[in-house]
Amino acid sequence: MDRLDHLEHLDKELVDELAQVARETVRDELREQTRRQRRRAVLYAGSGAVALYAGAALALALGLGLAAALPDWAAALITAVILGALAYLLRGAARPSASRPTPDAAEAAHGRTLGGTAPGTPPSGLGMPYPPMPPAPPEAGAPGTAGTPPPHPDDIDPEQPHHRA
């Protein structure tokens, strides 16, 4: 009996040691991944700063080129308008708009027609065109249903198979 108690103590020590080794290994791996990601982030930040200065130099060159033919204030104004228009276009390209629904909006609008009426053919261009939409919902006295009253809910047998014509 004493031998089993001693082995139980060894098992507990072994499990604790394995858990400690696993924690250290995971900690080292996370530290290495963080170091690589931090390096990548610094490189991206440096790239963005250099691109900012390159854009400023390009704007300055454009302004100086225009200043050769125009007054300085007009060249600066034209450069500012061009940069503002470029910023507006870039912002528009980055933002989702109503003409380009996001995947979430497309899923939310499933089953609804965006922008008015349904197109005459499927968007894929394959297959038959959509069936025509009736101008009004069918009524009880519509042609083809004359003389056939709708079934009463108590007359319907749920066990009987239903067939559509």
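Thresholds, definitions, all that
- Sequence order as written defines the numbering, with residues in each chain counted from 1.
- Thresholds applied to this predicted model are a pLDDT of at least 70 for local features of residues and 80 or more for the giving and counting of side-chain atom pairs; totals over whole chains, interfaces and linings are not thresholded and use all residues.
- Processing note: side-chain calculations cover all non-hydrogen atoms of the structure and skip hydrogens and water entirely.
- Only DSSP runs of H or I covering at least 4 residues are called helices, and only runs of E covering at least 2 are called strands; the numbering of each starts at the N terminus.
- The classification of residues rests on relative accessible area computed with a 1.4 Å probe and restricted to protein chains. Under 20% of the type maximum is buried, over 50% is exposed, and intermediate values are partly exposed.
- Accessible areas in this description were obtained via Shrake-Rupley with a 1.4 Å probe; residue shielding takes into account the shown protein chains only.
- UniProt positions are given in the numbering used here, feature names are shortened, and annotations may be inferred rather than shown by experiment.
- One less than the residue count of a helix, multiplied by 1.5 Å, gives the span that helix is expected to have.
- By definition, a salt bridge exists where a carboxyl oxygen of Asp or Glu is found within 4 Å of a side-chain nitrogen of Lys or Arg.
- For patch building, the residue pool is restricted to those with more than 30% relative accessible area and no salt bridge; the joining distance is 9 Å between like charges and 5 Å between nonpolar side chains (Val, Leu, Ile, Met, Phe, Trp, Tyr).
- The contact criterion used is simple: two residues touch if any of their non-hydrogen atoms lie within 4.5 Å.

Colleague: Account for the overall build of the protein, with residues named and values stated.
Modeller: If you tally the helices and strands in the protein, you get three helices and zero strands. Along the protein, helices and strands appear, N-terminal first, in the series α-α-α. In the protein, buried positions account for 5% of the 165 residues. When the accessible surface of the protein is summed, it comes to about 15,200 Å², and 64% of that surface belongs to carbon and sulfur atoms.

Colleague: Just give me the short version of the UniProt feature "transmembrane region" (unreviewed entry) in the protein, but keep the residues and values in it.
Modeller: Following the UniProt record, the feature "transmembrane region" (unreviewed entry) maps to residues 41–67 and 73–90 here. The annotated region residues 41–67 carries 100% helix and 0% strand content, and the separation between its end C-alpha atoms amounts to 39 Å. Secondary structure over residues 73–90 splits into 100% helix and 0% strand, and the C-alpha atoms at its two ends are 26 Å apart.

Colleague: Let's hear about helix 2 (residues 72–94): which residues, and what values?
Modeller: Taking 1.5 Å per residue, 23 residues should reach 33 Å; helix 2 reaches 33 Å between its end C-alpha atoms and fits that length. All of the buried residues in helix 2 are Ala 74, Ala 75 and Thr 79.

Colleague: Residues and numbers for the pattern of salt bridges, please.
Modeller: For the coordinates displayed, the defined rule picks out three salt bridges. Residue Arg 31 pairs with Asp 28 through a salt bridge whose shortest N-O separation is 3.6 Å. Of the two residues, Arg 31 and Asp 28 both sit in helix 1 (residues 2–67), three residues apart, roughly one turn of that helix.

Colleague: Any chance you could break down a nonpolar patch on the surface for me, citing the residues and the numbers?
Modeller: On the surface, Leu 62, Leu 70, Ile 78 and Ile 82 cluster together into a nonpolar patch covering about 280 Å² of accessible area. Locating Ile 82 in the fold gives a position in helix 2.

Colleague: Go over the environment of Ala 80 with me, naming the residues and quoting the values.
Modeller: Residue position: Ala 80 is located in helix 2. Classification of Ala 80 as partly exposed rests on a relative accessible area of 46%. Spatially, the C-alpha atom of Ala 80 lies 8.5 Å from that of Ala 59, the residues being 21 residues apart in sequence.

Colleague: Could you give an account of the side chain of Thr 79, with specific residues and numbers?
Modeller: Relative to the elements of secondary structure, Thr 79 occurs in helix 2. When neighbours within four sequence positions are excluded, Thr 79 is seen to be in contact with Ala 59, Leu 62, Gly 63 and Leu 66.

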